[in-house]
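# Descriptive structure summary
Single-letter residue listing:
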There are 2 protein chains.
Amino acid sequence: MSIVVVGSVAYDTVETGHGGVTEALGGSASFFSVAARFFAPVSVVAVVGVDFKPEHQQFLANRNIDLRGLERRPGKTFRWHGRYHEDMNLRDTINLEMNVFEGFMPKLLPDQRRCDYLFLGNIAPELQEGVLEQVTSAKLVAGDTMNHWIAEEGPALKRLMPRLDIITLNDEEARLLSGEHNLVKAGRAILRLGPRSVLIKRGEYGVLQFSREGMFAVPAYPLEEVVDPTGAGDTFAGGLMGYLARAARFDESALRTGVVYGSVMASFAVEKFSLDRLADLTWEEIDRRYRAFIDLTDSHHSRWTSQ
Amino acid sequence: MSIVVVGSVAYDTVETGHGGVTEALGGSASFFSVAARFFAPVSVVAVVGVDFKPEHQQFLANRNIDLRGLERRPGKTFRWHGRYHEDMNLRDTINLEMNVFEGFMPKLLPDQRRCDYLFLGNIAPELQEGVLEQVTSAKLVAGDTMNHWIAEEGPALKRLMPRLDIITLNDEEARLLSGEHNLVKAGRAILRLGPRSVLIKRGEYGVLQFSREGMFAVPAYPLEEVVDPTGAGDTFAGGLMGYLARAARFDESALRTGVVYGSVMASFAVEKFSLDRLADLTWEEIDRRYRAFIDLTDSHHSRWTSQ
């Protein structure tokens, strides 16, 4: 049931109305793996520079995240500097330094190639394809993307689509990829590109899932305070894939439960900067919020009447 | 189980990306009563001018909506002219003519005063208070309001609050009334003003409910096309109150089911202009969409596994 994640490990500088952090641990592979590790073993494929700090390596290693595939190359680690608006659905990129991430050519170790679960973080679709070529027998493949690749690498992305079980994207990206403004039309159009399931992430408005079995809509867990939305999408994917790997099922029911666990994990991630909240999170807290989430969305209020 | 609604009957001119209508039947009491009438008897308290067309009177009367309280006064019927942005959460008021609605002093008939269920549509809080004074024994009172009354009549509105079982408002109004930007804080702050339940309407993002028993979040039913959002909030309230009157219960479970029925009714209302979609709606369609809605939001997908 081991999960391989291919993505970025980065240093994030983030400014929000609640303050900020400078060069904190971030990147899709970091958020994903820390979230998924609550559910199943995780193995990372990523690249960092020589400036990657031992304390961050240790932080991930302490959580039993397999870092044999974390390549260290001459140069600096990927850096992102972002500033959120008061409406935290909006943010500006102040600075972006690809650094060693620029020449990232993911190469899986022999045992990683035999993984059951694969998450392709947001990298160029051709690199995502290259990873898929190396994997021999994955039971479940999920991929993330972004507006840049949709605009610049559309054909490669569309080639990739039928090979994904799950594609995750945000609402703006779904509109761009499908050419449809309406999200129901957009979700259905992307489903026709080939993935078994389309997950549209809407930030504070939750997630819309499209599959052949129908639509599933969940709100985001309503929080009194959102400190830093960075990494919420990758944390969501980590909770989702982690749950599916642990359940070892991929039917509609498992997928929906996975979406709830993903939403639960993301709701924690945004409560503090960087990975700070995920770092001190306990399974008891996850379980408690999962139950609260089920109660929050239960139209029959069956928690009180039938359980 | 009869419901009394106090509100507006209006002529709406609406422009959207899908076209428009001129002087179509609208107003909170119209949308509310047509929606609620699918569930329970409804009696209207409103005012129209001498220009109110017999065909519109007939349309409401044909649905067995009690119009003895629809006062006809010298002058013209309330008129609203609005234009929606491409993002239909936004609209501009092009023109507003209060006309006979300006001097509206709602006066209930003797049998209306003994109603079990009362909906106070969006009118001045002092008028809403005046209606409450006339009612002797309502089992359930719900009220709607708007930013204008929050800004101009705050003290009267806050006086009214503890006398309401349910207050409905949109997200912007909830922020204005509570002084909290975060909707969880806003909902809880409004709950402390006295109502038993606070329903924050978020348009295409659904509804957040706050009560002493906790939070409930439902998405809006995802539609491929929204033609005209006018009246969605009052239609929602009509479905909610209609269901509660029919169920004759007001526990958390009934309230949640009512919120789903309200959301279902609103999802129909926006499919066509004015009351056009509600006009040709059948109970079979409501029932089918209610089931689809339950399936849409069911994290356990129990429809397939346990029913």
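Note that the structure is predicted; figures quoted are calculated from it, not measured.

Across its full length, chain A carries 13 helices and 13 strands. A globule of 307 residues ought to have a C-alpha radius of gyration of about 19 Å, and chain A, at 18 Å, matches this closely. Structurally, chain A occupies a C-alpha span of about 60 × 40 × 35 Å along its principal axes. Buried residues in chain A amount to 59% of all 307 residues. Contacts in chain A between residues far apart in sequence, at least 24 positions, make up 62% of those at least 6 positions apart. Split by element, the accessible area of chain A, about 12100 Å² in all, is 49% carbon and sulfur. A gap of 6 Å separates the mean positions of the 34 positive and 41 negative side-chain charges of chain A.

The next point concerns the sheet that holds strand S1 (residues 3–6) of chain B. Residue and element names in this part refer to chain B. Ordered in space as S5-S4-S1-S8-S9-S10-S11-S12-S13, the nine strands form an open sheet in which the pairing is mixed. The open sheet terminates on both sides in strands that have one partner only, identified here as strand S5 (70–73) and strand S13 (214–218). Taking each pair of neighbouring strands and ignoring which way they run, the sheet shows an average axis angle of 15 degrees. As defined by bridge partners, strand S8 (residues 117–120) adjoins strand S9 (residues 140–144) across four bridges and the pair is classed as parallel. Each bridged residue has a counterpart across the sheet, and for Leu120 the counterpart in S9 is Gly143.

What follows is about the interface of chain B and chain A. Counting residues at the interface gives 32 residues for chain B, matched by 32 residues for chain A. Each partner contributes to the roughly 3100 Å² buried at the junction of chain B and chain A, and carbon and sulfur atoms together form 50% of this total. Of all residues in chain B, Tyr205, Glu224 and Ser299 of chain B give up the largest surface area on contact with chain A, accounting jointly for 19% of the area buried on that side. Seen at the junction of chain B and chain A, the total is six salt bridges. Among the ionic pairs, Glu204 of chain A bridges to Arg202 of chain B, the shortest N-O distance being 3.5 Å. At the surface where chain B touches chain A, the tally comes to 14 residue pairs in polar contact (both at pLDDT 80 or more). Contributing elements (two or more residues each) for the side of chain B that touches chain A: helix H8 (183–191), S13, helix H10 (252–269) and helix H12 (283–297) of chain B.

A word on the sheet that holds strand S6 (residues 79–84) of chain B. Residue and element names in this part refer to chain B. Sheet architecture is open: four strands sit in the order S3-S2-S6-S7, paired in mixed fashion. Strands at the two margins of the open sheet, each flanked by one partner only, are strand S3 (19–26) and strand S7 (91–97). With direction set aside, neighbouring strand axes in the sheet form an average angle of 15 degrees. In this structure, S6 lies alongside S7, joined through six bridges in antiparallel fashion. Its bridge partner being in S7, Arg83 is matched across the sheet by Asp92.

This part covers unusual backbone geometry. Phi angles above zero are rare outside glycine, and Asn64 of chain A is one such case at about 60 degrees. Relative to the elements of secondary structure, Asn64 of chain A occurs in the loop between helix H2 (54–62) and strand S5 (70–73). Judged by relative accessible area, Asn64 of chain A falls into the exposed class, the value being 59%. Look at Asn99 of chain B: it is not a glycine, yet its phi comes out positive at around 50 degrees. What makes Asn99 of chain B partly exposed here is its relative accessible area of 25%.

In this section: the relation of the copies chain B and chain A. Mapping chain B onto chain A calls for a screw motion: a turn of 180 degrees about the axis and a shift of 0.0 Å along it, with 0.0 Å RMSD after fitting. Here the transformation between the copies is reduced to the relation of a two-fold axis.

This part is about the packing of helix H10 (residues 252–269) of chain A against helix H12 (residues 283–297) of chain A. Residues and elements named next belong to chain A. Running from N to C, H10 and H12 cross one another at 120 degrees; their axes reach a closest spacing of 10 Å. In terms of orientation, H10 lies oblique with respect to H12. In terms of crossing hand, the pair formed by H10 and H12 is right-handed. Contacts from Thr257, Val260, Tyr261, Ser263, Val264, Met265, Ser267 and Phe268 in H10 reach Trp283, Glu285, Ile286, Arg289, Tyr290, Phe293 and Ile294 in H12. Looking at the contact of H10 with H12 residue by residue, the class counts come to 10 nonpolar, three polar and two charged.

Enumeration according to the criterion identifies one cavity of 30 Å³ or more in this entry. The computed volume of the largest cavity comes to approximately 100 Å³. Lining the largest cavity we find 17 residues, and of these Tyr205, Val218 and Pro219 of chain A together with Tyr205 and Pro219 of chain B sit closest to its centre. Contributing elements (two or more residues each) for the lining of the largest cavity: strand S12 (207–211) and strand S13 (214–218) of chain A together with S13 of chain B.

Moving on to the confidence of the model for chain A. Residues and elements named next belong to chain A. Residue-level pLDDT values for chain A average 95, and 97% of them are 70 or greater. Low pLDDT, under 50, characterises residues 303–307; the stretch is placed with six contacts to residues that sit more than four places away or in other chains. In the predicted complex, the global pTM is 0.93; the interface-specific ipTM is 0.89.

Here is what the cut-offs are and how they apply
- Residues numbered from 1 in each chain as written.
- Chains lettered and ligands numbered in written order.
- Predicted model: local features only at pLDDT ≥ 70, side-chain atom pairs only at ≥ 80, totals over all residues.
- Heavy atoms only, no water.
- Helix = DSSP H or I, 4+ residues; strand = E, 2+ residues; numbered from the N terminus.
- Rg over C-alpha atoms; globule rule 2.2 N^0.38 Å.
- Buried < 20%, exposed > 50% of the residue type's maximum accessible area, 1.4 Å probe, protein only.
- Contact = heavy atoms within 4.5 Å.
- Areas by Shrake-Rupley, 256 points an atom, 1.4 Å probe, with all protein chains shown as cover.
- Lys, Arg positive; Asp, Glu negative; His and termini not counted.
- Charge placed at Lys NZ, Arg CZ, Asp CG, Glu CD.
- Pairing = 2+ DSSP bridges.
- Axes fitted to C-alpha atoms, helices over the stretch in contact; angles between N-to-C directions.
- Buried area = accessible area lost by both parts, 1.4 Å probe.
- Salt bridge = Lys/Arg side-chain N within 4 Å of Asp/Glu carboxyl O.
- Polar contact = N/O pair within 3.5 Å; in protein donor to acceptor, adjacent residues only side chain to side chain.
- Least-squares fit on C-alpha atoms with pLDDT ≥ 70 in both.
- Parallel < 35°, antiparallel > 145°, perpendicular 65-115°, else oblique.
- Left-handed = near helix turned anticlockwise from the far one by under 90°.
- Nonpolar A, V, L, I, M, F, W, Y, C, P; charged D, E, K, R; others polar.
- 1 Å grid on protein atoms, 1.4 Å probe; cavity = no way out; pocket = protein on both sides within 12 Å on 5 of 7 lines; lining within 4 Å.
- Points joined across faces, edges and corners; volume = space filled by probe spheres on them.
- pLDDT = per-residue confidence, 0-100.

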